[in-house]
Amino acid sequence: EVCITDGDSDALVHLRENVERNRTASSTTTEKNDEGDCDDDVGKVSCHQLIWGKQSSEHFLTQIANNQKYDVLIASDIIYSAVIVEPLWETVLTLLKRPSDGEEGGVFVMAYARRKVPVSIELVLETAIANGFVYELVKEDDEEGIWVYT
């Protein structure tokens, strides 16, 4: 099961269109339910709005994820302002399986692109550590990097 999220409602329209287009291109039988989720014989792909932060993530966990935390969270090109860094980690803490939950912890994979924005990867890494995560840099060049957090 795959759940694709974005905070922007216009982006969700495009995400859902892309999911549908890829299903059609792969000749998979598709049925849509009332929430816009697409089910098929192979698996399920759903698109939902997710606003970062503790309260909205807790709502997402109970209402969308049926209180099932995720084994893997993947994010790319999401850091554009310092004010979103703490809500990002509140969301990851809420949605990712953690060893403290009495089970094997999950992983958060984040690709970071260096842009002319008022936030650095160092702030992201410091905030990750402050929230109890450890990380490993798995790829980096002058423009981007990929970090795995556990």
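Residues numbered from 1 in each chain as written. Predicted model: local features only at pLDDT ≥ 70, side-chain atom pairs only at ≥ 80, totals over all residues. Heavy atoms only, no water.

## A few points about the overall build of the protein
Then comes step 1: The helix and strand inventory of the protein stands at four helices and eight strands.
Then comes step 2: Starting at the N terminus and walking to the C terminus, you meet the elements of the protein as β-α-β-β-β-α-β-α-β-α-β-β.
Then comes step 3: When each of the 150 residues of the protein is scored for burial, the buried share is 32%.
Then comes step 4: For the protein, contacts bridging at least 24 residues in sequence account for 61% of all contacts bridging at least 6.
Then comes step 5: Summed over all atoms, the accessible surface of the protein reaches about 9,100 Å², with 49% contributed by carbon and sulfur. (Helix = DSSP H or I, 4+ residues; strand = E, 2+ residues; numbered from the N terminus. Buried < 20%, exposed > 50% of the residue type's maximum accessible area, 1.4 Å probe, protein only. Contact = heavy atoms within 4.5 Å. Areas by Shrake-Rupley, 256 points an atom, 1.4 Å probe, with all protein chains shown as cover.)

## With respect to helix α1 (residues 9–25)
Then comes step 1: With 17 residues, α1 should reach 24 Å at 1.5 Å per residue; the first-to-last C-alpha distance of 24 Å fits that figure.
Then comes step 2: Buried within α1 are the following residues: Leu12, Val19 and Arg23. Buried residues in α1, looked at end-on, bunch into an arc of 30 degrees, giving them a common side. The outward face of α1, more than 90 degrees from its buried face, is lined by the exposed residues Asp10, Thr24 and Ala25. (Expected span 1.5 Å × (residues − 1). Arc of directions from axis to C-beta.)

## Some thoughts on the state of the cysteines
Then comes step 1: Summed over all chains, the structure comprises zero disulfides.
Then comes step 2: With no disulfide of its own, Cys3 lies 7.7 Å from the sulfur of Cys47, the closest cysteine sulfur. (Disulfide = S-S within 2.5 Å.)

## Observations regarding the pattern of salt bridges
Then comes step 1: Within this structure, the stated rule accounts for four salt bridges.
Then comes step 2: Between Glu58 and Lys54 there is a salt bridge; the shortest N-O distance is 2.8 Å. With Glu58 and Lys54 both in helix α2 (residues 54–63), this residue pair falls four residues apart, about one helical turn.
Then comes step 3: By relative accessible area, which is 48% here, Lys54 ends up partly exposed.
Then comes step 4: A salt bridge links Lys139 to Glu144; the nearest nitrogen and oxygen atoms lie 3.8 Å apart.
Then comes step 5: With a relative accessible area of 38%, Lys139 lands in the partly exposed category. (Salt bridge = Lys/Arg side-chain N within 4 Å of Asp/Glu carboxyl O.)

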